[in-house]
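Spelled out from the first residue to the last, the chains are:
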Amino acid sequence: MSHTGLDVQAVRARFPVLQRTINGAPLVYLDSANTSQKPDVVIDAMSAFMRHGYAPVNRSAYQLAVEADDAYEGARRRVARFINAARASEVVFTKNATESLNLVAATWGRANLQVGDVVVLTHMEHHANIVPWHMLAAERGIELRWVPLTADGQLDLEAVPALLEGARAFAFTAMSNVLGTITPVRHLCDAAHAAGAIAIVDGCQYVPHNVTDVQAWNADFVAFSSHKLCGPTGIGVLWGREALLDAMPPFLGGGNMIADVRLDGFTTAELPAKFEAGTPPIVEAIGLGAAIDFLEGLDMRSVRQHEVDLAQYALSSLTERFGDDITIHGPTNVEVRGATFSFAFRGIHPHDLSQILDQHNVCVRAGHHCAKPLMRVLGASATARASFYLYNDRSEVDALADALDGASDIFGF
Ligand SMILES: Cc1ncc(COP(=O)(O)O)c(C=O)c1O
């Protein structure tokens, strides 16, 4: 048992890849902010569907297709329940969070923004929540404003009201993939609405690790990916308020998204099909549904508690052991952070560090983490990042620390 009620060893046993050893030693997978590992139930659900139930979901009349349609829509209902959406038709399946955010910028943005209109972003956004807005700015001449950060890597909330003055949209992350910072989403959504702007939440790093309630957030759009929450790659989610989705033009055109097509034009299907052009990720939706059942079975409150415990343990043990030799970016208060740690260690280049850690089977990511503006704020071109999830335990924090000692030996510290 962990210190928080989550039986981590039982959870771990559900992930086949975590049973692997490399050169006789266990795998220490600390790259879940990048992508998470998959439990047996997800692998089995996808495999069973392909073996015994595979069929299209375009409402064909035969039994096999009716079952496939039920399974696909069942996955949508699971997602809706998981994030407390008011209705399943507000859940749009996309390719990933990147496509979800592009969909909002390209459709809501093009339909609603004119030259000089303002969109507010933050210094801690992932490129997926920056580049689509840059693209729109180049096309439409919109103005982008940026919420700066405090010294401990939180949003500077005092700067928000002035930046939101006259803004039409505020797009921000619920949790930074670099700093681990959890932002006050409800407060930010309310601030956006008070200024007459809509609130677009990048939930990519938050949703896999916390209880999510899009209605309590009072958000307008929320984007996230399946592959970071124990589901497969190839499917993402855009949740949006029905009235906004209804009023938006479609994103991609083709089959499934139309009500009628004539030589002189087309009309769009009802939600959510309007935004799901072409053959959707059917098998992936089945996997995502299974991942959500798995997470709900564990209880997202326990998952969060477990990660708070791990975050606290990692912060105190790494700083105790390495003192000034390690710089961990982001908040030190675990109430406002997840268990994702970007760090600098004894001046060793992050890429060298990750290679040396790999010799100890410790998998961490090194690089700019698709957050180059934030890297500039940190004054670094890259960081090493260790990110923990529900299947990691305290012994893996120790394994990271031991591997860091190994790196010190190699570099002669
Ligand atoms: C905060 C954040 N937003 C968006 C994304 C993009 O997710 P995806 O690559 O699954 O589209 C990521 C992925 O790392 C992320 O961490």
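Whatever comes next refers back to the structure up there.
Since the model is a prediction, treat every value here as computed from it, not as a measurement. (Residues numbered from 1 in each chain as written. Predicted model: local features only at pLDDT ≥ 70, side-chain atom pairs only at ≥ 80, totals over all residues. Heavy atoms only, no water.)

S.K.: What is the right way to read the overall build of the chain from this model?
M.R.: When helices and strands are tallied, the chain shows 14 helices and 17 strands. Here the chain has a C-alpha radius of gyration of 22 Å; the compact-globule value for 413 residues is 22 Å, and the two agree. In terms of overall dimensions, the chain has a C-alpha envelope of 75 × 55 × 35 Å along the principal axes. Long-range contacts, defined here as pairs at least 24 residues apart, represent 70% of the contacts in the chain between residues at least 6 apart. By element, 51% of the accessible surface of the chain is carried by carbon and sulfur atoms, the whole surface being about 16700 Å². (Helix = DSSP H or I, 4+ residues; strand = E, 2+ residues; numbered from the N terminus. Rg over C-alpha atoms; globule rule 2.2 N^0.38 Å. Contact = heavy atoms within 4.5 Å. Areas by Shrake-Rupley, 256 points an atom, 1.4 Å probe, with all protein chains shown as cover.)

S.K.: Whenever I open this one, the pattern of salt bridges confuses me. Can you help?
M.R.: When the charged atoms of two side chains with opposite charge come close together, those side chains can pair. Inspection of every chain in the model, using the stated rule, returns 22 salt bridges. Two residues, arginine 76 and glutamate 73, come together in a salt bridge whose shortest N-O distance is 2.8 Å. Placement of the pair is arginine 76 and glutamate 73 together in helix α3 (residues 63-82), with a separation of three residues, close to one helical turn. The residue arginine 87 makes a salt bridge to glutamate 242 at a minimum N-O spacing of 3.7 Å. Of this pair, arginine 87 sits in the loop between α3 and β4 (91-94) while glutamate 242 sits in helix α9 (residues 242-247); the two residues are 155 residues apart in sequence, bridging distant segments of the chain. In the salt-bridge network here, residues are joined through shared partners; they are Arg78, Arg81, Asp293 and Glu296. (Salt bridge = Lys/Arg side-chain N within 4 Å of Asp/Glu carboxyl O.)

S.K.: Hey, could you run me through the packing of aromatic side chains in this one?
M.R.: Ring pairs (aromatic) are described by centroid distance and by the angle formed between their planes. If you walk through the whole model with that rule in mind, you get nine aromatic pairs. An angle of 70 degrees between the planes, with centres 5.8 Å apart, marks the rings of phenylalanine 49 and tyrosine 54 as edge-to-face. Of the residues examined, tyrosine 54 reaches a relative accessible area of 44% and is grouped as partly exposed. Ring geometry for tyrosine 389 versus tyrosine 391: centroids 5.5 Å apart, planes at 70 degrees, classification edge-to-face. On the basis of relative accessibility, which here comes to 0%, the residue tyrosine 391 falls in the buried class. (Phe/Tyr/Trp six-rings, centres within 6.5 Å; stacked < 30°, edge-to-face > 60°. Buried < 20%, exposed > 50% of the residue type's maximum accessible area, 1.4 Å probe, protein only.)

S.K.: Can you walk me through the sheet that holds strand β8 (residues 198-202) in this structure?
M.R.: Each strand in a sheet pairs with another by means of backbone hydrogen bonds, the pair being arranged parallel or else antiparallel. In spatial order, the strands read β4-β10-β9-β8-β7-β5-β6; together these seven strands make up an open sheet with mixed pairing. In the strand order of this sheet, the two ends are held by β4 and β6 (143-147), each with one partner. Here the average twist between neighbouring strands, direction ignored, is 20 degrees. Examined bridge by bridge, β8 and strand β9 (residues 221-225) share three bridges and lie parallel to one another. By the bridge assignment for β9, isoleucine 200 is matched with phenylalanine 221. (Pairing = 2+ DSSP bridges. Axes fitted to C-alpha atoms, helices over the stretch in contact; angles between N-to-C directions.)

S.K.: Which parts of the structure should I look at to understand the pairing of strand β7 (residues 167-173)?
M.R.: The buried count for β7 comes to six of seven residues, which makes it a mostly enclosed element. With three bridges joining them, strand β5 (residues 118-122) and β7 adopt parallel strand pairing. Across the sheet, residue valine 118 finds its bridge partner in β7, namely alanine 167. With five bridges joining them, β7 and β8 adopt parallel strand pairing. Paired with threonine 173 across the strands is aspartate 202, a residue of β8. In this view, the connection linking β7 to its parallel neighbour β8 by way of helix α7 (residues 185-194) has right-handed handedness. (Right-handed = clockwise from strand over helix to strand, strands pointing away.)

S.K.: When you look at helix α5 (residues 131-140) in this model, what are you seeing that I'm missing?
M.R.: Spacing of three or four residues puts side chains on the same side of an α-helix, whose turn is 3.6 residues. Buried residues of α5: Pro132, Trp133, Leu136 and Ala137, and no others. All buried residues of α5 project into a common sector of 140 degrees when viewed along the axis, lining one side. The exposed set on the far side of α5, more than 90 degrees from its buried face, consists of Met135 and Ala138. On the buried face of α5, the contacting elements are α4 (97-112), β5, β6, β7 and β8. One or two residues past the end of α5 sits glycine 141, with phi positive at roughly 70 degrees. (Arc of directions from axis to C-beta.)

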